[in-house]
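# Tertiary structure, described
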Amino acid sequence: MRDGKAATKIINKRESLTADDYKEIHAHPIFSYKMIKDSSIIKDSVKVAVLEHHGRLDGTGYPKRLKTKPMNLFSKIIAVADVFHAMTSERAYRKKQSPFKVLEMIFHDDSVNLILR
């Protein structure tokens with residue numbers, strides 16, 4: 001991972017992910033944050049959102065396992081957009097889903113509601 005995104009080989013992998021694969025995936029928000037943290041043209045709230053965008057209010061997200069600290073608004077927006085993008089994109093292990101179906105799933109999914117509260 002050089003650009004803050006999980007390696008294409010992991011994203012396109014058909015077999016089960018290994019512990020090392022998960023470690024790399026869970027590290028991408030930290031790597032991305034380190035890339036932008038010293039930038040003077042990016043607001044601090046956006047930098048925090050890059051770091052927290054896989055966080056969940058119940059503490060199940062990564063990389064920080066946030067539980068007591070409320071998520072930044074930008075973090076929540078990016079988290080929902082990331083879920084939507086992942087579900088509407090073609091993957092090696094599944095077909096992309098209809099944007100309308102995904103929106104319905106997002107509005108009825110408790111795990112996504114953990115982001116939005």
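These numbers were taken from a predicted model, which means no experiment stands behind them.

Here the focus is the overall build of the protein chain. Summing up its helical and strand segments, the protein chain has six helices and zero strands in all. Going from N to C terminus, the protein chain has its helices and strands arranged as α-α-α-α-α-α. A burial count over the protein chain gives 35% of its 117 residues as buried. Relative to all contacts within the protein chain whose residues are 6 or more apart in sequence, the contacts with residues 24 or more apart total 43%. Carbon and sulfur atoms provide 59% of the accessible area of the protein chain, an area that totals close to 8000 Å².

In contact at an axis separation of 7 Å, helix α2 (residues 19-36) and helix α3 (residues 44-52) are set at 160° when each is read in the N-to-C sense. With respect to α3, the axis of α2 lies roughly antiparallel. Residues Pro29, Ile30, Ser32, Tyr33 and Ile36 of α2 pack against Lys47, Val50 and Leu51 of α3.

Our focus in this paragraph is unusual backbone geometry. Backbone torsion omega between tyrosine 62 and proline 63 reads 5°, so that peptide bond is classified as cis. Along the polypeptide, proline 63 turns up in the loop between α3 and α4 (73-88).

This paragraph deals with the environment of lysine 76. In this structure, lysine 76 sits in helix α4. In the structure, lysine 76 is positioned 24 residues away from glutamate 52 in sequence and 8.4 Å away in space, judged by C-alpha atoms.

Let's shift gears to the pattern of salt bridges. Under the defined criterion, the tally for this structure stands at three salt bridges. For aspartate 21, the salt bridge identified is with lysine 13, shortest N-O distance 2.4 Å. With relative accessibility at 6%, the residue aspartate 21 sits in the buried group. Assessed through its relative accessible area of 16%, lysine 13 is described here as buried.

Here asparagine 72 lies in the loop between α3 and α4. Since its relative accessible area comes to 16%, asparagine 72 is described here as buried. Leave out the neighbours within four places in its chain, and asparagine 72 touches Ser45, Val48, Ala49 and Glu52.

Time to look at the packing of α4 against helix α5 (residues 99-108). Look at α4 against α5: their axes get within 10 Å of each other, and the N-to-C directions meet at 135°. In this view, α4 runs oblique relative to α5, as classed from their interaxial angle. As for how α4 packs across α5, the hand of that crossing is right-handed. Residue-level contacts link Val83, Phe84, Met87 and Thr88 of α4 to Pro99, Val102, Leu103, Met105 and Ile106 of α5.

Considering every residue of the protein chain, the mean pLDDT works out to 82; 82% of them sit at 70 or more. At the low end of the mean pLDDT range in the protein chain sits helix α6 (residues 110-116), at 60; at the high end sits α3, at 91.

Cut-off values and rules
Residues numbered from 1 in each chain as written. Predicted model: local features only at pLDDT ≥ 70, side-chain atom pairs only at ≥ 80, totals over all residues. Heavy atoms only, no water. Helix = DSSP H or I, 4+ residues; strand = E, 2+ residues; numbered from the N terminus. Buried < 20%, exposed > 50% of the residue type's maximum accessible area, 1.4 Å probe, protein only. Contact = heavy atoms within 4.5 Å. Areas by Shrake-Rupley, 256 points an atom, 1.4 Å probe, with all protein chains shown as cover. Axes fitted to C-alpha atoms, helices over the stretch in contact; angles between N-to-C directions. Parallel < 35°, antiparallel > 145°, perpendicular 65-115°, else oblique. Salt bridge = Lys/Arg side-chain N within 4 Å of Asp/Glu carboxyl O. Left-handed = near helix turned anticlockwise from the far one by under 90°. pLDDT = per-residue confidence, 0-100.

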